[in-house]
Amino acid sequence: MTHEEHHAAKTLGIGKAIAVLTSGGDAQGKEKALRGWYLTGARVFFVHEGGTVIGSARCKDFRDREGRLRAAHNLVKRGITNLCVIGGDGSLTGADTFRSEWSDLLSDLQKAGKITEEEATKSSYLNIVGLVGSIDNDFCGTDMTIGTDSALHRIIEIVDAITTTAQSHQRTFVLEVMGRHCGYLALVTSLSCGADWVFIPECPPDDDWEEHLCRRLSETRTRGSRLNIIIVAEGAIDKNGKPITSEDIKNLVVKRLGYDTRVTVLGHVQRGGTPSAFDRILGSRMGVEAVMALLEGTPDTPACVVSLSGNQAVRLPLMECVQVTKDVTKAMNDRRFDEAMKLRGRSFMNNWEVYKLLAHVRPPVTKGSTHTVAVMNVGAPAAGMNAAVRSTVRIGLIQGNRVLVVHDGFEGLAKGQIEEAGWSYVGGWTGQGGSKLGTKRTLPKKSFEQISANITKFNIQGLVIIGGFEAYTGGLELMEGRKLFDELCIPFVVIPATVSNNVPGSDFSVGADTALNTICTTCDRIKQSAAGTKRRVFIIETMGGYCGYLATMAGLAAGADAAYIFEEPFTIRDLQANVEHLVQKMRTTVKRGLVLRNEKCNENYTTDFIFNLYSEEGKGIFDSRKNVLGHMQQGGSPTPFDRNFATKMGAKAMNWMSGKIKESYRNGRIFANTPDSGCVLGMRKRALVFQPVTELKDQTDFEHRIPKEQWWLKLRPILKILAKYEIDLDTSEHAHLEHISRKRSGETSI
């Protein structure tokens, strides 16, 4: 990066004015998008018609041209030519209309004598950037809208609580969630809790759905389940457009099956509560990207939406996104439901396909299975492992395979701790934390002979390994072992699952999101404890080994003043600068500090050392406290993200496995010895990809158990800027304007 690019970042906004408003229904995380607006020196105005901390409203006046005329007058008089709108589809549609009318509005204002010719000339164009803040996730062009993940947290908290009472009394619960025109919340909730049925507006059930539903509930009870969960989107309809209400479903179940059935309508609880770690980070990232998009804009730049594709920020034309969103609504109104599903995007459709497989397809009752696949957990426990096992087992059974589960990782594989799993074996596993199969860090190399013997004994033809860095290194050892033992020449796939998020070949690991939310919740409570005492700095130690993912992302989400990690070396002078920064902060209205330290960031600058340094240097100005979070980061129920991620990773892994086994069938047996028969399934930028473990060796720092390149390191400057440090922002790499058709063609299947 050149010096000019640094300089441009700091001065890009000088002499410019930006207005920010949050509009429409409230959504958690909107306020996080407001944090980055002062970083370039621009004048910033917050419009008090919308938002969370700045208020949120659905403005009827803006729907009329007279209201938009007044809005234009307000902007012109303040010299504002840059507008950021944070809201849902209605808000962004209004913003699109406002921009298209801008020239005519200025002309009318000038004719009426409300603005001068000079003011009209200075405000001749209006740059608009949209950020999608909506719990419904109903805006086309983005994988996730700000607020959706937090809403899912509220829903799953309630579903988990209801599940307990439903099991006690053998009840059926019908839960109604928000989503008048979009079934995303209902669909992902059903995947995240293993619901028996889901009703969404995009895909009405078949005409005989009443019979199918009752048969499904009855079969579930026959297999030993003590409860049934049905999820209903508030906009659910049948194929004739008639609403399907939660009360309709309750009455049906009671009348035909006689089950004790209760209805719970979640309502506005879904909009409230603390934003999740995902939404905090998403809002912060999108806010910074929106600033850059506005200030780089020219009179010819089309209005754009900053959206999320995989883990990448992208800019899409606002008009295109609005039009596709309108097309979805029209297709549903015209009862062209297949088209509506396609317009929602490949990610939505894949959610639906996985749900149908796990909930609606009857497991085959056959004596002769096609192939035998074993599933195991390796390494430290991570929330979401059980969801991945459940998905893998059930998809395997649906495909006609015999599925075995291995207890205690490679050690259990060597000792023969293996049993066959049926459909009910993994029932209720989706929301359970830890590892039901048991997991150990033992690697396979020392036990190749015993492992080979058990592969032959149990006729194992494929292996799904769910775990962290040990799962990856264990896969590498299996590849090496193929030279000595033909029995090891079977396909295997590694699903990354670790709180450390340090598996090469994947930007995300199952379990990391849960750990991140645990840290954020703890940091929130710790910061709240300082609200009364004031002038207090907390030093928090996080897990992660040498990987600084948790410390960095938790720091960004929780608003930390510093986050010390191994990947970004620091000196005593850096520590001193942080202390001086906190001394200055104590002179402001915010009289508390938060510092995160990755557990292995530096062997000399330990948590105790940093605590003692801050305590000594802060004498008379602030007190210091320390907290080592420890293994609480590995516990707890998995978040909706980890449940959904794990479920679809398991399904995709098993689909790959079935194809690879068939491909490796030679001379009456399975023989897989090519590099692509042993892979890591990982999310890379915008796609889920299978990468041979041997090809990932060059990308790995084995000494420190981390990938050599990590995408999240580019977010660290945002953390420092939001903590109000005087640093440069790298503007050499940012999102470029794409078109929604291109974005959709490259969408990830997650």
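What you see is a predicted model; the values in this text were computed from it and never measured.

**Overview of the environment of Thr571**
- Structurally, Thr571 can be placed in the loop between strand S17 (562–564) and helix H20 (572–585).
- The class of Thr571 is partly exposed, set by a relative accessible area of 31%.
- Expressed as a C-alpha distance, the spacing of Thr571 and Gly668, which sit 97 residues apart in the sequence, is 62 Å.

**Concerning empty space enclosed by the protein**
- Evaluation of the coordinates by the stated rule reveals four cavities of 30 Å³ or more.
- What the largest cavity holds in volume is close to 490 Å³.
- Lining of the largest cavity is provided by 31 residues; of these, Met144, Phe278, Leu308, Phe508 and Phe641 occupy positions nearest its centre.
- In terms of residue count, helix H22 (residues 640–663) provides more of the lining of the largest cavity than any other element does, six residues in total.
- Class assignment of the residues belonging to the lining of the largest cavity gives a composition of 19 nonpolar, six polar and six charged.

**Structural notes on helix H14 (residues 385–398)**
- If you check H14, its first and last C-alpha atoms are 20 Å apart, about what 14 residues at 1.5 Å a residue would give, namely 20 Å.
- The buried fraction of H14 amounts to 14 of the 14 residues, a majority that puts the element mostly inside the structure.
- Phi for Gly400, located one or two positions after H14, is positive at around 90°.

**Details of the nonpolar core**
- By size, the foremost hydrophobic cluster in this structure holds 144 residues, and its most contacted members are Phe199, Ile230 and Tyr549.
- Among the elements that line this core, the one with the most residues is helix H10 (residues 277–295), at 11 residues.
- In this structure, Phe199 is in contact with Ala186, Pro205, Trp209, Leu213, Ile230, Ile231, Val232, Ala233, Ala236, Ile244 and Ile249, ignoring residues within four places of it in sequence.
- Among the nonpolar cores identified, the runner-up in size contains 39 residues, and Ala19, Leu21, Leu83 and Leu343 belong to it.

**Things to note about the packing of aromatic side chains**
- For the structure on display, the rule yields 19 aromatic pairs.
- Measuring from centroid to centroid gives 5.5 Å for Phe469 and Tyr472, while their planes differ by 70°, and the two rings are edge-to-face. With Phe469 and Tyr472 both in helix H17 (residues 469–481), this residue pair falls three residues apart, about one helical turn. Residue Phe469 shares its accessibility class with Tyr472, and that shared class is buried.
- Taken together, a centroid distance of 5.6 Å and an interplanar angle of 45° make the contact between Phe641 and Phe645 tilted.

**Here's the deal with the UniProt feature "binding site: Mg(2+)" (unreviewed entry) in the chain**
- Mapped onto this structure's residue numbering, the UniProt feature "binding site: Mg(2+)" (unreviewed entry) falls at Asp89.
- With respect to the helices and strands, the residue Asp89 is situated in helix H3 (residues 89–100).
- Filtering out sequence-adjacent residues up to four positions away, Asp89 remains in contact with Asp138, Phe139 and Thr325.

**Overview of the sheet that holds strand S16 (residues 536–542)**
- Taken together, four strands build an open sheet; the order of strands is S17-S18-S16-S19 and the sheet is parallel. Every interior strand has two partners, whereas the edge strands, S17 and strand S19 (623–628), have only one. With direction set aside, neighbouring strand axes in the sheet form an average angle of 20°.
- As judged from the six bridges shared by S16 and S19, these two strands associate in the parallel manner. If you follow Arg536 over to S19, its bridge partner there is Asp623.
- Here helix H18 (residues 512–533) sits on the sheet in contact with S16, strand S18 (592–598) and S19, set at roughly 165° to S16.

**Concerning the state of the cysteines**
- Applying the stated criterion to the full structure yields zero disulfides.
- Considering cysteine sulfurs only, Cys182 is the nearest to Cys203, which forms no disulfide, with 13 Å between them.
- A relative accessible area of 24% means that Cys203 is categorised as partly exposed.
- With no disulfide partner, Cys214 has as its closest neighbouring cysteine sulfur the one in Cys193, 19 Å distant.
- The class for Cys214 is buried, based on a relative accessible area of 7%.

**Things to note about the sheet that holds strand S8 (residues 261–265)**
- One open sheet holds the four strands; their spatial order is S6-S7-S5-S8, and the pairing between them is parallel. Either end of the sheet is taken by a strand with one partner, and the two such strands are strand S6 (197–199) and S8. Averaged over all pairs of adjacent strands, the angle between their axes in this sheet comes to 15°, without regard to strand direction.
- Of the pairings in the sheet, the one linking strand S5 (residues 172–177) to strand S7 (residues 228–233) comprises six bridges and is parallel in character. Paired with Thr172 across the strands is Asn228, a residue of S7.
- Across the sheet, helix H6 (residues 148–169) lies against S5, S7 and S8, angled at about 165° from S5, the strand it touches most.

Conventions used here
Residues numbered from 1 in each chain as written. Predicted model: local features only at pLDDT ≥ 70, side-chain atom pairs only at ≥ 80, totals over all residues. Heavy atoms only, no water. Helix = DSSP H or I, 4+ residues; strand = E, 2+ residues; numbered from the N terminus. Buried < 20%, exposed > 50% of the residue type's maximum accessible area, 1.4 Å probe, protein only. 1 Å grid on protein atoms, 1.4 Å probe; cavity = no way out; pocket = protein on both sides within 12 Å on 5 of 7 lines; lining within 4 Å. Points joined across faces, edges and corners; volume = space filled by probe spheres on them. Nonpolar A, V, L, I, M, F, W, Y, C, P; charged D, E, K, R; others polar. Expected span 1.5 Å × (residues − 1). Core = buried A, V, L, I, M, F, W, Y, C linked by side-chain atoms within 4.5 Å. Contact = heavy atoms within 4.5 Å. Phe/Tyr/Trp six-rings, centres within 6.5 Å; stacked < 30°, edge-to-face > 60°. UniProt positions renumbered as here; feature names shortened; annotations may be inferred. Pairing = 2+ DSSP bridges. Axes fitted to C-alpha atoms, helices over the stretch in contact; angles between N-to-C directions. Disulfide = S-S within 2.5 Å.

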